[in-house]
Amino acid sequence: MPGSDTAPAELARGELIADLRRLIESSRQRAASAVNVELVALYWSIGRRVHAEILGGERADYGAEIVATVSRELTLAYGRGFTAKAVWRMVQCAQAFPEVEGVRVLATRLTWSHLVELLPLERPLQREFYAEMCRLEGWSVRVLRERIAGMLYERTALSREPEETVRAELGRLRGEGDLAPAMVLKDPYLLDFLGLPASFSEADLEAAVLRELEAFLVELGGGFCFVERQKRMSIGDDDYYLDLLFYHRRLRRLVAVELKLGRFTAQDKGQVELYLRWLDRHERLPGEGPPMAILLCASRNAEQVELLELDASGIHVAEYLTVLPPRDVLEERLRASYRAAERAIEDGTPDK
């Protein structure tokens, strides 16, 4: 038949075009990435050179004078992008990130706009955490801004560790992509999106979480996948039910989530440990880490949690807030938590 070879020929041409499109898109992505790296490195280099000039000045107003001159001359020569505000940001970037090679590594995933969002952060480890998590999870500028505004780092378990521990964990994340559980676990969790009334039951809380599962996953953090609700666990003649079961892809661990309406008690530890041991025996797959648990409660006694040494059992106790407090209230609450953690570290008993 004259047209018998038409279909295979069209299929072959379709595959050819698809292959060429993949080559073009891949090349464009690599080119865009290379351009971004060089642009960010350029801005860093300009900032470093201007900063060195400012340090050599003797007058207090010398910095503003130099930046104004640089801005005017570069704008005349190269057009937009060199306003005085932009040049100051370049200077701040060189101060915040002392090594250009580190900036180049970040620029493979982060744009200049990402780095600008990081510049107002005062603590180096805080800034490094957001930079590395942004690089790892591919946050957009908008998401990065939301994470900073939501005080993600300040709410992580990592932020309450000694600086040496934080620095070491960030180094492992940067060098090996090894994400520590302390970077994932938070306290408190902000659940204001659930829209719960002033009075609600545990059933209402669970139903609201399932209804707003997408938002709940965002609050849990990147890498969490929902597995099951009311997970049935048969132990002898008794049946137990876990509220929510998740899996974390990067940690490669099952994560049990228990929702508690009231205050955390020592008895809660035994129940959650039972769940974890059952999951370890019946649900854990080869290559996975041991299951861990997040016990969300309305309130907790920090000293009681510390004495129970829950971290050794893979249990993280955290409070949840169904109504978002004013930012200054949340900041003071977190500062109080830091102070408690610092006292525990000084006493040689890290806060959990």
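Values in this document were obtained by computation on a predicted structure and should not be read as measured data.

Reading the values: rules and limits
One numbering rule holds for all chains: residues counted from 1, following each sequence as written. Note on the predicted model: pLDDT of at least 70 is required for a residue's local features to be given, and 80 or more for side-chain atom pairs to be given and counted; whole-chain, interface and lining totals, by contrast, use all residues. Side-chain figures throughout are based on the complete set of non-hydrogen atoms in the structure, without hydrogens or water. For each structure, a 1 Å grid was placed over the protein atoms alone; sets of points admitting a 1.4 Å probe that cannot get out are labelled cavities, open sets with protein on both sides within 12 Å along at least five of seven lines are labelled pockets, and lining residues have an atom within 4 Å of a point. Grid points are joined across faces, edges and corners, and a volume is the space filled by probe spheres set on the points. Comment: elements are numbered from the N terminus, with helices defined as DSSP H or I runs of at least four residues and strands as E runs of at least two. Each residue gets one label: Ala, Val, Leu, Ile, Met, Phe, Trp, Tyr, Cys and Pro are nonpolar, Asp, Glu, Lys and Arg are charged, and the others, such as Gly, are polar. Buried Ala, Val, Leu, Ile, Met, Phe, Trp, Tyr and Cys residues form a nonpolar core when they are joined through side-chain atoms within 4.5 Å. The classification of residues rests on relative accessible area computed with a 1.4 Å probe and restricted to protein chains. Under 20% of the type maximum is buried, over 50% is exposed, and intermediate values are partly exposed. By the convention used here, residues are in contact when the closest approach between their heavy atoms is within 4.5 Å.

S.K.: When you look at empty space enclosed by the protein in this model, what are you seeing that I'm missing?
M.R.: Remark: the empty space left among the atoms is shown by a probe the size of a water molecule rolled over them. All chains considered together, the criterion is met by one cavity of 30 Å³ or more. Its volume calculated, the largest cavity comes out at about 120 Å³. Along the walls of the largest cavity sit 14 residues, with Met133, Glu137, Met183, Gly221 and Gly222 positioned nearest its centre. Counting residues per element, the ones that place at least two in the lining of the largest cavity are helix H6 (124-137) and helix H10 (181-184). Here the lining of the largest cavity gets three residues from one element, more than from any other, and that element is H6. Class assignment for the residues of the lining of the largest cavity results in eight nonpolar, three polar and three charged.

S.K.: Looking at this structure, how should I read the nonpolar core?
M.R.: Note on soluble globular proteins: their nonpolar side chains tend to be buried together. Formed by 77 residues in total, the largest nonpolar core has its most connected members in Phe97, Leu115, Leu118 and Tyr130. When sequence neighbours within four positions are dropped, the list of residues in contact with Phe97 reads Trp44, Val103, Leu106, Leu115, Leu118, Leu119 and Arg127. With 18 residues, the next largest nonpolar core counts Leu254, Phe264, Val272 and Leu276 among its residues.

S.K.: Would you mind showing me how to read unusual backbone geometry here?
M.R.: Most peptide bonds take the trans configuration, and most residues that are not glycine carry a negative phi. Here Asp187 and Pro188 are connected by a cis peptide whose omega angle stands at 0 degrees. Position of Pro188 among the secondary structure elements: in the loop between H10 and strand E1 (189-190). The phi dihedral of Arg252 is positive, around 55 degrees, even though this residue is not glycine. Its location among the elements puts Arg252 in the loop between strand E3 (238-248) and strand E4 (253-259). Under the relative-accessibility criterion, Arg252 is labelled partly exposed at 49%. Even without being glycine, Glu309 reaches a positive phi, approximately 50 degrees.

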